[in-house]
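Fold and contact review
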Amino acid sequence: MSTEQPAPEPATPPSDVGSDVPVLPTQRRTLTTLAATQVLSGVGVASGIAVAPLVASALSGSDAIAGLTSTSGVVGAALVALPLAHVAGQRGRRPSLLLGFGVATGGAVLATVAVLVGSWPLLVVAMLLFGSGTAAGLASRFAATDLATPQRRARDLSVVVWATTVGSVVGPTLAGLADRVAGPGLRLGDAHAQHGSTAPSAAPFVLAAVAFALAAVVVVVWLRPDPLLASRATADAGPGAAPGAGPGDGKGSSWRDGLRAGWAVVSASPTARLALGAIVLSHLVMVGLMSMTPVHMNHGGATLQVVGLVISAHIAGMYALSPVVGWLADRVGHARVLYVGGALLLAAAVVVAGAPGEDSARLTVGLVLLGLGWSCGLVAGSALLVDATPGPSRTSVQGLSDLAMNAGGAVGGILAGAIIGFSSYGALAWGAAALVAVCAVLAAPLARRATLR
């Protein structure tokens, strides 16, 4: 039996210092490059996710199959999270992000083929690969922390998260434009469309493939130096650095070993458990409520345009204010902002719980609060997770985090659908509120310990 003791968790930096810590030129270049990849990958993800359910429904004639494409994308993001983290740990961020965007490009190309041959099963498989774009986007936020000073981690991370806003808003618009411009040449015959629906077009997936490929090019050309390798080199050159702690360590290990190593670190650290739990809970609640709101509004007679406006407001809540969330987390403490996020999630669930489907104003308020709560959980939780993790173990823990986050989203979507089927949207919202409240109580001891560090 090993007699080794777990390494002490790194202390969370004081929240009242570092408000004016400058961004170093190398880190500024890294953030600019990562933000550019987020814009491009955001266009790719939003373009594909927006049309995949509609295409699947047109090809299969089944709403259940339409929902399966969205689930497939989430599952794909979860499955690729650990391999991407493993590659990052062995070779650096550039090969990892290149792999993620490359797989996503392949998924978009395969989705294009699926539309052209009229195969919805092939589209479902393609969306598994397509989910790699989401996973690479999530990994980019951690890449933003590699060269960040401890006092700026949340803010630097939030800049990359914010850049997703541009891609998420522009993506569906560009997808519609691509459909109008190139759609006739990339559209199936009407005989392939079910129930009289419009024949699906592959144009949005072609746009997504181009966007993912450009994101990969940006990584290859401009993400220099590799932020993770540069941070390791700096650490190795520091006083008291252990020799051999560079990027080649553990070269024979697999991503499964990384999963076990990540879990061991999280299990030994109350702060890491708090951060990971907050990330997963925020994503689970957000996906559950957000995915069923359009269904609830449709039952209330809302038009597609009104539903689109509500979801757009929700997306703005998720991303638009993330730099403010990051600044606040660095100022007052990451754990405190997690509780702010929990309060926002609770408020969102209570607001929408009694809202009828036709009350778009109340549902808009609730979903904006939901997006803000998610932003607090993701930004502050991710920064706190980095704070609580020893440098050599960070990529393993980050891979575990992204796996758990996407798995939580999949579980949230499945449970939400089941609750709606057996009961109502109100029951779903009250259930989400209860879950957040119970988790907040259970996490209180961990939060106090993290706050006092």
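Residues numbered from 1 in each chain as written. Predicted model: local features only at pLDDT ≥ 70, side-chain atom pairs only at ≥ 80, totals over all residues. Heavy atoms only, no water.

Inclusion rule: UniProt positions are given in the numbering used here, feature names are shortened, and annotations may be inferred rather than shown by experiment.
For the protein chain, an unreviewed UniProt entry supplies the name MFS transporter and the organism Cellulosimicrobium sp. ES-005. Under the heading Subcellular location (unreviewed entry), UniProt records this for the protein chain: "Cell membrane".

Considerations on the nonpolar core
Where we set the bar: For the purposes of this section, nonpolar cores are sets of buried Ala, Val, Leu, Ile, Met, Phe, Trp, Tyr and Cys residues that join through side-chain atoms within 4.5 Å. Classification of residues uses two cut-offs on accessible area relative to the type maximum, computed with a 1.4 Å probe and protein chains only: under 20% is buried, over 50% is exposed, and between them is partly exposed. Secondary structure elements are defined from DSSP: runs of H or I of at least 4 residues count as helices, runs of E of at least 2 residues count as strands, and each element is numbered from the N terminus. Any two residues having at least one pair of non-hydrogen atoms within 4.5 Å are treated as being in contact.
In this structure, Leu274, Val285, Leu289, Leu367, Leu370, Trp374 and Tyr425 are the most contacted members of the largest nonpolar core, which totals 63 residues. Broken down by element, this core gets its largest block of residues, 14 residues, from helix α9 (residues 270-299). Look past the residues within four positions of Trp374 in its chain and what remains in contact with it is Ser282, His283, Met286, Met318, Tyr319, Leu345 and Met405. Within the second largest apolar cluster, 34 residues are counted, among which are Ala111, Ala126, Ala139 and Ala215.

Overview of unusual backbone geometry
Put simply, Arg224 and Pro225 share a cis peptide bond, and its omega is -5°. Note on placement: Pro225 falls in the loop between α6 (203-222) and α7 (227-237).

Side note on a nonpolar patch on the surface
Applicable threshold: Patches here are clusters of residues that have more than 30% relative accessible area and form no salt bridge, with a 9 Å joining cutoff for like charges and a 5 Å cutoff for nonpolar side chains (Val, Leu, Ile, Met, Phe, Trp, Tyr). Residue burial considers only the protein chains on display, and all accessible areas are found by Shrake-Rupley using a 1.4 Å probe. The salt bridge criterion pairs a side-chain nitrogen of Lys or Arg with a carboxyl oxygen of Asp or Glu, the two atoms within 4 Å.
Together, Trp162, Val166, Val169, Val170, Leu174 and Leu177 line one region of the surface with nonpolar side chains, adding up to about 450 Å² of accessible area. Among the secondary structure elements, Val166 is positioned in helix α5 (residues 153-182). On the accessibility criterion, Val166 (33% relative accessible area) is partly exposed.

Looking at empty space enclosed by the protein
Let me state the cut-off plainly: We place a 1 Å grid over just the protein atoms. Points where a 1.4 Å probe fits but has no way out form a cavity, open points with protein on both sides within 12 Å along at least 5 of 7 lines form a pocket, and any residue with an atom within 4 Å of a point lines it. Grid points are joined across faces, edges and corners, and a volume is the space filled by probe spheres set on the points. Residue polarity is assigned by list, with Asp, Glu, Lys and Arg as charged and Ala, Val, Leu, Ile, Met, Phe, Trp, Tyr, Cys and Pro as nonpolar; anything else, Gly included, falls into the polar class.
All chains considered together, the criterion is met by three cavities of 30 Å³ or more. Volume-wise, the largest cavity comes out at about 80 Å³. Together, 13 residues line the largest cavity, and Ala81, Ala85, Arg93, Ala139 and Asp402 are the ones closest to its centre. Of all elements in the fold, only α2 (63-91), α3 (93-117), α4 (120-143) and α14 (394-422) reach the threshold of two or more residues within the lining of the largest cavity. Tallied by class, residues from the lining of the largest cavity come to seven nonpolar, four polar and two charged.

Let's talk about the packing of helix α13 (residues 360-387) against α14
Using the following cut-off: Helix axes use the C-alpha atoms of the stretch in contact, all axes being lines fitted to C-alpha atoms, and the angles between their N-to-C directions lie in the range 0 to 180 degrees. Should an angle fall under 35 degrees it is called roughly parallel, over 145 degrees roughly antiparallel, and 65 to 115 degrees roughly perpendicular, with every other angle called oblique. The handedness criterion is simple: a crossing whose near helix is rotated anticlockwise from the far helix by less than a right angle is left-handed, and one whose near helix is rotated clockwise is right-handed.
Between α13 and α14, whose axes approach to 10 Å, the crossing angle comes to 155°. Here α13 is positioned roughly antiparallel relative to α14, judged by the angle of their axes. Of the two elements, α13 crosses α14, and the hand of that crossing is right-handed. Residues Trp374, Leu378, Leu385 and Val386 of α13 form the contact with α14, whose participating residues are Arg394, Val397, Gln398, Ser401 and Met405. Split into classes, the residues belonging to the contact of α13 with α14 amount to six nonpolar, two polar and one charged.

Regarding helix α1 (residues 25-60)
Counted only if it meets this: Take the number of residues in a helix, subtract one, and multiply by 1.5 Å to get its expected span. A residue's bend is given by the angle between axes fitted to the 7 residues ending at it and the 7 residues starting at it.
Taking 1.5 Å of rise per residue, the 36 residues of α1 would be expected to cover 52 Å, and the 52 Å separating its terminal C-alpha atoms lies within 8% of that figure. Taking the largest bend as the criterion, α1 deviates by roughly 35°, centred on Ala52, and proline Pro53 comes between one and four positions later. Downstream of α1 by one or two residues, Gly61 has phi in the positive range, about 75°.

Remarks on the pattern of salt bridges
Here the structure, examined in full by the defined rule, presents five salt bridges. Of the charged contacts, one joins Asp146 and Arg93 as a salt bridge, the two residues approaching to 2.7 Å between their closest N and O atoms. Separated by 53 residues along the polypeptide, Asp146 in the loop between α4 and α5 and Arg93 in helix α3 bring together distant segments of the chain. For Arg93, a relative accessible area of 5% translates into the label buried.

Quick look at helix α11 (residues 322-332)
Convention followed: Arc definition: directions from the helix axis to the C-beta atoms.
Burial in α11 covers these residues: Ser322, Val325, Gly326, Ala329 and Asp330. Around the axis of α11, the buried residues are gathered within 130° of arc, so they sit on the same side. Among the residues trailing α11, Gly333 stands out with phi positive, at a value near 115°.

Examining the side chain of His314
Note on placement: His314 falls in helix α10 (residues 304-319). When its relative accessible area of 1% is taken as the criterion, His314 is described as buried. Contact partners of His314, with chain neighbours within four places excluded, come to Met286, Met290, Leu367, Leu370 and Gly371.

Looking at the environment of Ala335
Note that Ala335 resides in helix α12 (residues 334-353). Classification of Ala335 by relative accessible area gives buried; the value is 6%. Placed 61 residues apart in sequence, Ala335 and Leu274 show a C-alpha to C-alpha distance of 8.2 Å.

Details of the environment of Leu259
Among the secondary structure elements, Leu259 is positioned in helix α8 (residues 255-268). Residue classification places Leu259 among the partly exposed positions, given a relative accessible area of 27%. Considering only alpha carbons, one finds Leu259 and Pro83, 176 residues apart in sequence, at a separation of 9.7 Å. Ignoring sequence-local partners within four residues, the contact set of Leu259 consists of Leu82, Leu400 and Leu403.

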